[in-house]
Amino acid sequence: MDIEALRTFVEVADAGGVSPAARRLGVAKSIVSRRLLRLESELGVQLLARTTRGAALTEAGATFRDHAARACAEIDSARDAVMPAGELCGRLRIAAPLSFGPTHLAAVLADMARRHPQLHLDTSYTDRFVDLIAEGYDCAIRIGYLPDSNLLARRVGPLYGKFVASPDYIAAHGAPQTPEELAGHQALMQGTEAWQYLDGGKIQTIRPQGRFKADNGTALVTAAVAGLGIAWAPDGLTNDHVASGALVPVMTNYPPPPAGVYVVRPPGQHPSRKIRVLTERLIACFAQAEPALAGR
């Protein structure tokens, strides 16, 4: 049975259609269709029901998908085991944050690709929390404070940040000195998230309110510079603005606790060697150059 046909079927099943699967695989839709037809012909069953909206798994397809995914994972493990020492091959799909990834992570990924010529790296930079399983990602690099989930996470480095506001906002509304005072201010947030702060060494939580929200840290910092409210942001996004005077740290007696940079992956017994190598390289880079990578 053709391993590429199995991989293609798993991608179509997870992506929900031939077109998105073809984009993930980097091949033409016609190639995807031919592989599927060949696999169904070999098995003698219909695995996918084609619809105008994509492709849905048949009962047989739903059963076969899990077996096919395990087979692909085993093949990848076997290939890793016999590759020359340290060499990586195959494809690694990564989701990375748009506000942090291009400036702090892209160089690490580029160096990894340079060191492993047979490795195909496919990185999507977005501040949206992608569904790793449904969207077919091998792992994601996430920053901040991780919400509870069934994903497996490994912390690879620290992330420092502060509460900031513009001088114009402070002149008009004052600067909050305590978390209680923050309740009377406009907060710039990604959604309805809680903010954490340190009070006497203990981590406390507050849920601020605000009318300006964005799913991108750079956009929130821009709004803070424009005087729309108070933002919590990583130092890497605010250092230049603080240095120029465009932003001022506030509530400095109650700073946010250090957050983290994490590699997260879908649940499973063992991470692939590609993910292990990526994780180790990120840990090494943060350890060697913590101030620069942490944004300090």
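Conventions and cut-offs
- Residues numbered from 1 in each chain as written.
- Predicted model: local features only at pLDDT ≥ 70, side-chain atom pairs only at ≥ 80, totals over all residues.
- Heavy atoms only, no water.
- UniProt positions renumbered as here; feature names shortened; annotations may be inferred.
- Pairing = 2+ DSSP bridges.
- Helix = DSSP H or I, 4+ residues; strand = E, 2+ residues; numbered from the N terminus.
- Core = buried A, V, L, I, M, F, W, Y, C linked by side-chain atoms within 4.5 Å.
- Buried < 20%, exposed > 50% of the residue type's maximum accessible area, 1.4 Å probe, protein only.
- Contact = heavy atoms within 4.5 Å.
- Axes fitted to C-alpha atoms, helices over the stretch in contact; angles between N-to-C directions.
- Arc of directions from axis to C-beta.
- Domains from an automatic or database assignment.
- Phe/Tyr/Trp six-rings, centres within 6.5 Å; stacked < 30°, edge-to-face > 60°.

The protein chain appears in an unreviewed UniProt entry as LysR family transcriptional regulator from Bordetella ansorpii. UniProt lists a comment for the protein chain under the heading Sequence similarities (unreviewed entry), and it reads "Belongs to the LysR transcriptional regulatory family."

A.B. asks: How would you sum up the pairing of strand β9 (residues 195-199)? Please name residues and give values.
C.D. replies: As paired strands, β9 and strand β10 (residues 202-206) are joined by 5 bridges and run antiparallel to one another. Across the sheet, the residue bridging to Y197 is Q204, located in β10. Where β9 folds back onto β10 in an antiparallel hairpin, the turn is made up of 2 residues, including G200, whose phi is positive at roughly 60 degrees.

A.B. asks: Residues and numbers for the nonpolar core, please.
C.D. replies: In this structure, L278 and L282 are the most contacted members of the largest nonpolar core, which totals 23 residues. For this core, the leading source of residues is helix α11 (residues 273-288), giving 6 residues. The contacts of L278, once residues within four sequence positions are left out, are L92, I94, L109, M112 and C139. With 17 residues, the next largest nonpolar core counts F9, V12, L48 and F64 among its residues.

A.B. asks: Can you break down the sheet that holds strand β14 (residues 259-265) residue by residue, with the values?
C.D. replies: To summarise the sheet geometry, strands pair through backbone hydrogen bonds and adopt either a parallel or an antiparallel arrangement. The strand order β4-β3-β5-β14-β6 describes an open sheet built from 5 strands, whose pairing is mixed. Unpaired on one side and paired on the other, β4 (119-125) and β6 (152-159) mark the two borders of the sheet. Here the average twist between neighbouring strands, direction ignored, is 20 degrees. In terms of strand pairing, strand β3 (residues 90-96) meets β4 through 7 bridges, oriented parallel.

A.B. asks: With reference to specific residues and values, describe helix α9 (residues 217-225).
C.D. replies: Residues lying three or four places apart along an α-helix face the same way, a consequence of the helix completing one turn every 3.6 residues. By the burial criterion, the buried members of α9 are G217, L220, V221, A223 and A224. On an axial view of α9, the arc spanned by its buried residues comes to 155 degrees, and they lie on one face. Of the surrounding elements, those touching the buried residues of α9 are β8 (187-189), β11 (212-213), β12 (230-234) and α10 (235-244). In the stretch just after α9, G227 is the one whose phi turns positive, near 90 degrees.

A.B. asks: Go over the domain arrangement of the protein chain, please, and point to the residues and values.
C.D. replies: The domain architecture assigned to the protein chain consists of domain 1 (1-82), domain 2 (85-159 + 258-295) and domain 3 (161-257). Using C-alpha coordinates to define each centre, domain 1 is positioned 47 Å away from domain 3.

A.B. asks: A description of the packing of aromatic side chains should follow, citing residues and the corresponding values.
C.D. replies: Counted according to the given criterion, the structure contains 4 aromatic pairs. Each ring, one from F9 and one from F64, has its centre 5.7 Å from the other, and the planes form 45 degrees; the classification is tilted. A residue pair is termed long-range when its members are at least 10 positions apart, and F9 in helix α1 (residues 3-15) and F64 in helix α4 (residues 59-82) qualify at 55 residues. In this pair, the class of F9 matches that of F64, namely buried. For the ring pair Y197 and Y254, a centre distance of 6.1 Å and an interplane angle of 80 degrees mean the geometry is edge-to-face. Of this pair, Y197 sits in strand β9 while Y254 sits in the loop between β13 (248-249) and β14, and the two are 57 residues apart along the sequence. By relative accessible area, Y197 is classed as buried at 8%.

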